[in-house]
Amino acid sequence: MPDLLYHSDLFTGTIVVVVTVLAAALCDHGVALLARGDGAGALLSFRRSVSLAPRLDARPAFNLALLLLREGRLDGAADAWLAVRGLREDWRAALAVGAGRDAALARLRGAREVAANRHGLLLAGRRMAKAAAAAPGLEEARDRHPTEPREGGYDVDGWSPPSDGHEEDDAGSGGFAAQATALDVLLLRHAVQVVERRRSAASSSLFRRPG
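Reading the values: the criteria
Residues numbered from 1 in each chain as written. Predicted model: local features only at pLDDT ≥ 70, side-chain atom pairs only at ≥ 80, totals over all residues. Heavy atoms only, no water. Phe/Tyr/Trp six-rings, centres within 6.5 Å; stacked < 30°, edge-to-face > 60°. Helix = DSSP H or I, 4+ residues; strand = E, 2+ residues; numbered from the N terminus. Lys NZ or Arg CZ within 6 Å of the ring centre and 35° of its normal. Salt bridge = Lys/Arg side-chain N within 4 Å of Asp/Glu carboxyl O. Axes fitted to C-alpha atoms, helices over the stretch in contact; angles between N-to-C directions. Parallel < 35°, antiparallel > 145°, perpendicular 65-115°, else oblique. Left-handed = near helix turned anticlockwise from the far one by under 90°. Contact = heavy atoms within 4.5 Å. Nonpolar A, V, L, I, M, F, W, Y, C, P; charged D, E, K, R; others polar. Patch = residues over 30% accessible without salt bridge, like charges linked within 9 Å, V, L, I, M, F, W, Y side chains within 5 Å. Areas by Shrake-Rupley, 256 points an atom, 1.4 Å probe, with all protein chains shown as cover. Buried < 20%, exposed > 50% of the residue type's maximum accessible area, 1.4 Å probe, protein only. Polar contact = N/O pair within 3.5 Å; in protein donor to acceptor, adjacent residues only side chain to side chain.

A. Quick look at the packing of aromatic side chains. Tallied over the entire structure, the rule returns one aromatic pair. Residues Phe62 and Phe176 carry aromatic rings whose centres are separated by 5.1 Å and whose planes lie at 85° to one another, so their mutual orientation is edge-to-face. With Phe62 in helix 3 (residues 59–70) and Phe176 in helix 8 (residues 176–204), the pair connects residues that are 114 residues apart, well separated along the chain. One residue, Arg59, lies across the ring of Phe176, its end atom 4.3 Å from the ring centre.

B. Expanded view of the pattern of salt bridges. A full pass over the atoms with the stated rule returns ten salt bridges. The shortest N-O distance in the salt bridge between Arg109 and Glu196 comes to 2.9 Å. Linking Arg109 in helix 6 (residues 101–134) with Glu196 in helix 8, this pair joins segments that are 87 residues apart in sequence.

C. Broad picture of the packing of helix 5 (residues 88–95) against helix 6. Helix 6 packs onto helix 5 with a crossing angle of 135° between their chain directions and a minimal axis gap of 7 Å. Compared by their axis directions, helix 5 and helix 6 come out oblique. Along this stretch, helix 5 crosses helix 6, giving a crossing that reads as left-handed. Mapping the contact onto sequence places Asp90, Trp91, Ala93 and Ala94 in helix 5 and Arg101, Ala104, Leu105, Arg107 and Leu108 in helix 6. Considered class by class, the residues forming the contact of helix 5 with helix 6 number six nonpolar, no polar and three charged.

D. Spotlight on the packing of helix 3 against helix 4 (residues 74–85). Look at helix 3 against helix 4: their axes get within 7 Å of each other, and the N-to-C directions meet at 170°. Relative to helix 4, helix 3 is oriented roughly antiparallel. Taken as a pair, helix 3 and helix 4 cross one another with a handedness that is left-handed. On helix 4, the residues that touch Ala61, Phe62, Leu64, Ala65, Leu68 and Leu69 of helix 3 are Leu74, Gly76, Ala77, Ala80, Trp81 and Val84. Considered class by class, the residues forming the contact of helix 3 with helix 4 number eleven nonpolar, one polar and no charged.

E. Broad picture of a nonpolar patch on the surface. Side chains of Val18, Leu22 and Leu52 sit close together on the surface and give an oily, nonpolar patch of about 240 Å² of accessible area. Along the chain, Leu52 turns up in helix 2 (residues 39–52). The exposure class assigned to Leu52 is partly exposed, which follows from its relative accessible area of 37%.

F. Focus on the environment of Arg88. Examined against the element boundaries, Arg88 turns out to sit in helix 5. When the C-alpha atoms of Arg88 and Ala191 are compared, they prove to be 9.5 Å apart, with 103 residues separating the residues in sequence. When neighbours within four sequence positions are excluded, Arg88 is seen to be in contact with Asp79, Leu82 and Ala83.

G. Broad picture of the environment of Arg55. In this fold, Arg55 is placed in the loop between helix 2 and helix 3. When the C-alpha positions of Arg55 and Arg85 are compared, they lie 8.2 Å apart, and in sequence the two are 30 residues distant. The residues touching Arg55, leaving out its near neighbours within four places in the chain, are Ala83, Val84, Arg85 and Gly86.

H. Representation of the side chain of His119 in the model. Within the secondary structure, His119 is located in helix 6. By relative accessible area, which is 18% here, His119 ends up buried. In terms of polar contacts, His119 uses its side chain to reach the backbone carbonyl oxygen of Ala178, at 3.5 Å. Ignoring any residue separated from it by four or fewer positions in sequence, one finds His119 in contact with Ala178, Thr181, Ala182 and Val185.

Structure representation (C-alpha cells):
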C-alpha cells in the first residue's frame, strides 16, 4: 500500500507539472499571437490556458480578462476573472431573482473591499521597501508592520496574486502582483455595480407614470 500511495502521488505530481507547462505554453503562445495582431487567436489561446489550470497561475486569466477589457467586453472580462477567483457563481446568483441573491451580493461587496485594501497594502509595502533601501533604519519598522507579500502573495479568500519579483517600473505601477490586484479591484467593482444598477432599474420599473 505505501508503494501504491507513493506512485499515486508521483503520478499526480507529474500530471500537475505537465498541465502547468502546457498552460504556460498556451499563455505564451497567446502573447505571441497578440504581438502579431491576431487578437482572436490570442483570446482562444488564453481561454484554453485558463481551462487547463485555472488556479495554478493567475497570468492566463489576467491576460484573458485584460484582452476582453481592451476589446470593450467588460462583462466578459469580469465573468472570466471571477471564475478564476471562485466568485462567478456569486455574481450570477446576485443577478438572479431568488433566495440567496442578497447574501451573494454581500460576498461580492466584501471581496471588493478586501481587493481594494490588498492592492493599497501592496503598493504601500513597495513604497516602504524603497524607502527602507534609502534609509536602513526604516527596515525595522517594516518588519514590525509587514505589508509586502511573503511566500507568493497575500492569502485572502483562497486567492493570492503571485509576485514576479521585479522592481516597480518607471510608471510606478509595480510588477504583476500590483497589476493583478488592480485588475481585481476594477472587475469586482464592475460586478457589484452591474448588480446594483439592475436592481435599481427593476425597482424603478414597479412605479407607474400618471395617465
